[in-house]
Amino acid sequence: MTLEQRINEEIKQAMLAKEAQRLAALRAVKAAILLEKTSGAAHELTDADVVKIMQKLVKQRKESAQLYKEAGREELAANELAEAGFIEVFLPKQLSAEELKAKLTEIIAEVGAQSPADMGKVMGVATKRLAGLADGREISAAVKQLLSK
(Lines give C-alpha, C1' and ligand atoms only; values in the text may rest on other atoms or scores of the structure.)
Protein backbone atom coordinates (compact mmCIF):
# COMPACT_ATOMS: atom_id res chain seq x y z
CA MET A 1 0.00 0.00 0.00
CA THR A 2 1.47 3.35 -1.02
CA LEU A 3 1.64 6.30 1.32
CA GLU A 4 -1.04 8.08 -0.69
CA GLN A 5 -3.38 5.10 -0.31
CA ARG A 6 -2.70 5.00 3.43
CA ILE A 7 -3.64 8.67 3.69
CA ASN A 8 -6.89 8.03 1.82
CA GLU A 9 -7.71 5.17 4.21
CA GLU A 10 -6.93 7.37 7.22
CA ILE A 11 -9.27 10.05 5.83
CA LYS A 12 -12.08 7.49 5.75
CA GLN A 13 -11.31 6.40 9.31
CA ALA A 14 -11.20 10.01 10.53
CA MET A 15 -14.60 10.67 8.92
CA LEU A 16 -16.13 7.61 10.56
CA ALA A 17 -14.63 8.56 13.94
CA LYS A 18 -15.74 12.20 13.47
CA GLU A 19 -12.24 13.52 14.26
CA ALA A 20 -12.43 17.01 12.73
CA GLN A 21 -8.83 18.13 13.32
CA ARG A 22 -7.30 14.91 12.05
CA LEU A 23 -9.61 14.97 9.04
CA ALA A 24 -8.63 18.58 8.23
CA ALA A 25 -4.91 17.73 8.42
CA LEU A 26 -5.27 14.64 6.22
CA ARG A 27 -7.40 16.50 3.70
CA ALA A 28 -4.70 19.17 3.49
CA VAL A 29 -2.17 16.44 2.67
CA LYS A 30 -4.46 14.97 0.03
CA ALA A 31 -5.02 18.43 -1.48
CA ALA A 32 -1.27 19.07 -1.65
CA ILE A 33 -0.73 15.69 -3.32
CA LEU A 34 -3.44 16.37 -5.89
CA LEU A 35 -2.03 19.83 -6.53
CA GLU A 36 1.40 18.32 -7.14
CA LYS A 37 -0.05 15.70 -9.47
CA THR A 38 -1.88 18.28 -11.56
CA SER A 39 0.92 20.83 -11.64
CA GLY A 40 2.29 19.37 -14.85
CA ALA A 41 4.50 16.68 -13.34
CA ALA A 42 4.61 13.95 -15.98
CA HIS A 43 5.66 11.25 -13.54
CA GLU A 44 3.66 9.39 -10.92
CA LEU A 45 4.36 10.55 -7.38
CA THR A 46 6.51 8.17 -5.36
CA ASP A 47 6.37 7.73 -1.61
CA ALA A 48 9.50 9.90 -1.36
CA ASP A 49 7.68 12.71 -3.18
CA VAL A 50 4.72 12.39 -0.83
CA VAL A 51 7.07 12.49 2.19
CA LYS A 52 8.60 15.74 0.89
CA ILE A 53 5.13 17.23 0.49
CA MET A 54 4.18 16.23 4.03
CA GLN A 55 7.44 17.59 5.45
CA LYS A 56 6.68 20.90 3.79
CA LEU A 57 3.18 20.93 5.28
CA VAL A 58 4.51 20.15 8.77
CA LYS A 59 7.10 22.90 8.47
CA GLN A 60 4.42 25.39 7.38
CA ARG A 61 2.21 24.48 10.32
CA LYS A 62 5.03 24.80 12.84
CA GLU A 63 6.00 28.20 11.45
CA SER A 64 2.36 29.31 11.57
CA ALA A 65 2.06 28.10 15.16
CA GLN A 66 5.14 30.14 16.09
CA LEU A 67 3.62 33.26 14.51
CA TYR A 68 0.32 32.65 16.31
CA LYS A 69 2.14 32.28 19.65
CA GLU A 70 3.98 35.55 19.07
CA ALA A 71 0.64 37.23 18.35
CA GLY A 72 -0.89 35.79 21.53
CA ARG A 73 -3.28 33.43 19.74
CA GLU A 74 -2.57 30.23 21.66
CA GLU A 75 -5.74 28.43 20.48
CA LEU A 76 -4.75 28.86 16.82
CA ALA A 77 -1.18 27.80 17.59
CA ALA A 78 -2.46 24.67 19.33
CA ASN A 79 -4.62 23.84 16.30
CA GLU A 80 -1.65 24.17 13.91
CA LEU A 81 0.57 22.01 16.13
CA ALA A 82 -2.15 19.37 16.41
CA GLU A 83 -2.47 19.20 12.62
CA ALA A 84 1.32 18.96 12.31
CA GLY A 85 1.24 16.06 14.76
CA PHE A 86 -1.35 14.20 12.69
CA ILE A 87 0.79 14.60 9.57
CA GLU A 88 4.07 13.67 11.31
CA VAL A 89 2.67 10.18 12.01
CA PHE A 90 3.30 9.33 8.35
CA LEU A 91 6.85 10.73 8.23
CA PRO A 92 9.99 8.68 8.85
CA LYS A 93 11.52 9.03 12.29
CA GLN A 94 13.76 12.08 12.48
CA LEU A 95 17.39 11.69 13.55
CA SER A 96 18.33 12.82 17.04
CA ALA A 97 21.07 15.45 17.41
CA GLU A 98 23.63 12.78 18.30
CA GLU A 99 22.68 10.54 15.37
CA LEU A 100 22.80 13.52 13.01
CA LYS A 101 26.28 14.52 14.18
CA ALA A 102 27.51 10.93 13.81
CA LYS A 103 26.22 10.68 10.24
CA LEU A 104 27.62 14.10 9.36
CA THR A 105 31.01 13.18 10.82
CA GLU A 106 31.07 10.15 8.50
CA ILE A 107 30.13 12.31 5.51
CA ILE A 108 32.77 14.91 6.37
CA ALA A 109 35.44 12.20 6.56
CA GLU A 110 34.20 10.65 3.31
CA VAL A 111 34.26 13.96 1.44
CA GLY A 112 37.55 15.02 3.01
CA ALA A 113 36.30 18.39 4.24
CA GLN A 114 38.69 20.29 6.49
CA SER A 115 37.31 23.81 6.98
CA PRO A 116 34.08 25.82 6.75
CA ALA A 117 35.07 26.60 3.14
CA ASP A 118 34.24 22.96 2.30
CA MET A 119 30.68 23.30 3.58
CA GLY A 120 29.18 23.18 0.07
CA LYS A 121 30.72 19.77 -0.64
CA VAL A 122 29.43 18.36 2.63
CA MET A 123 25.95 19.86 2.29
CA GLY A 124 25.51 18.43 -1.21
CA VAL A 125 26.12 14.90 -0.01
CA ALA A 126 24.39 15.34 3.36
CA THR A 127 21.13 16.75 2.01
CA LYS A 128 20.79 13.85 -0.43
CA ARG A 129 21.71 11.15 2.04
CA LEU A 130 19.73 12.53 4.98
CA ALA A 131 16.65 13.63 3.02
CA GLY A 132 13.56 13.02 5.11
CA LEU A 133 15.59 12.17 8.21
CA ALA A 134 16.52 15.69 9.29
CA ASP A 135 15.54 19.27 8.54
CA GLY A 136 17.82 21.20 6.20
CA ARG A 137 18.43 23.93 8.80
CA GLU A 138 19.47 21.35 11.40
CA ILE A 139 21.86 19.74 8.92
CA SER A 140 23.36 23.12 8.00
CA ALA A 141 23.84 24.20 11.61
CA ALA A 142 25.44 20.87 12.55
CA VAL A 143 27.79 20.97 9.53
CA LYS A 144 28.87 24.52 10.42
CA GLN A 145 29.55 23.47 13.99
CA LEU A 146 31.52 20.38 12.99
CA LEU A 147 33.60 22.15 10.35
CA SER A 148 34.51 25.08 12.58
CA LYS A 149 36.17 22.81 15.17
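Conventions used here
- Residue indices begin from 1 for each chain and proceed along its sequence in written order.
- The predicted nature of this model means local features are confined to residues of pLDDT at least 70 and side-chain atom pairs, given and counted, to a pLDDT of 80 or more, with totals for whole chains, interfaces and linings taken over all residues.
- Hydrogen atoms and water are omitted, and side-chain values are computed over all heavy atoms in the structure.
- Secondary structure elements are taken from DSSP: a helix is a run of H or I of four residues or more, a strand is a run of E of two residues or more, and numbering for both begins at the N terminus.
- Whenever two N or O atoms come within 3.5 Å, that pair is a polar contact, provided that in protein one can donate a hydrogen and the other can accept it, and provided that, for residues adjacent in sequence, both atoms are side-chain atoms.
- The contact definition used throughout considers only heavy atoms, calling two residues in contact when any of these lie within 4.5 Å.
- An axis is simply a line fitted to the C-alpha atoms; with a helix, the fit covers only the stretch in contact. Between two such axes, the angle follows the N-to-C directions and lies from 0 to 180 degrees.
- With the far helix as reference, a near helix turned anticlockwise by less than a right angle produces a left-handed crossing, and one turned clockwise produces a right-handed crossing.
- Throughout this entry, Asp, Glu, Lys and Arg are counted as charged residues, while Ala, Val, Leu, Ile, Met, Phe, Trp, Tyr, Cys and Pro are counted as nonpolar. The remaining residues, Gly among them, count as polar.
- Buried residues are those whose accessible area, probed at 1.4 Å on protein chains only, stays under 20% of the maximum for their type, while exposed residues exceed 50% and partly exposed ones sit between those limits.
- Criterion for a salt bridge: a side-chain nitrogen of Lys or Arg within 4 Å of a carboxyl oxygen of Asp or Glu.

In the nomenclature of an unreviewed UniProt entry, the chain is known as GatB/YqeY domain-containing protein of Candidatus Tidjanibacter faecipullorum.

### Looking at the side chain of Asp118
Inspection of the secondary structure assignment puts Asp118 in the loop between helix 5 (97-111) and helix 6 (119-129). One polar contact links the side chain of Asp118 to the main-chain amide nitrogen of Gln114, over a distance of 2.8 Å. Leaving out residues up to four positions away in the same chain, Asp118 has contacts with Gly112, Ala113 and Leu147.

### Focus: the packing of helix 2 (residues 20-37) against helix 4 (residues 74-88)
Relative orientation of the contacting elements helix 2 and helix 4 amounts to 65°, with a least axis distance of 9 Å. Handedness of the helix 2/helix 4 crossing: right-handed. Here Gln21, Arg22, Ala24, Ala25 and Val29 of helix 2 lie close against helix 4, whose contacting residues are Asn79, Ala82, Glu83, Phe86 and Ile87. Per-class residue counts for the contact of helix 2 with helix 4 are six nonpolar, two polar and two charged.

### So, the environment of Asp47
Secondary-structure assignment places Asp47 in helix 3 (residues 47-70). The partly exposed category is assigned to Asp47, whose relative accessible area is 38%. With 43 residues separating them along the chain, Asp47 and Glu4 place their C-alpha atoms 7.5 Å apart. Filtering out sequence-adjacent residues up to four positions away, Asp47 remains in contact with Thr2, Leu3 and Glu4.

### What to know about the pattern of salt bridges
Tallied over the entire structure, the rule returns twelve salt bridges. Residue Arg22 pairs with Glu19 through a salt bridge whose shortest N-O separation is 2.3 Å. Overall, the relative accessible area of 15% leaves Arg22 in the buried class. On the basis of relative accessible area, Glu19 is assigned to the partly exposed category, the value being 33%. Taken together, the salt bridges that share partners define one network made up of Glu4, Lys37 and Glu44.

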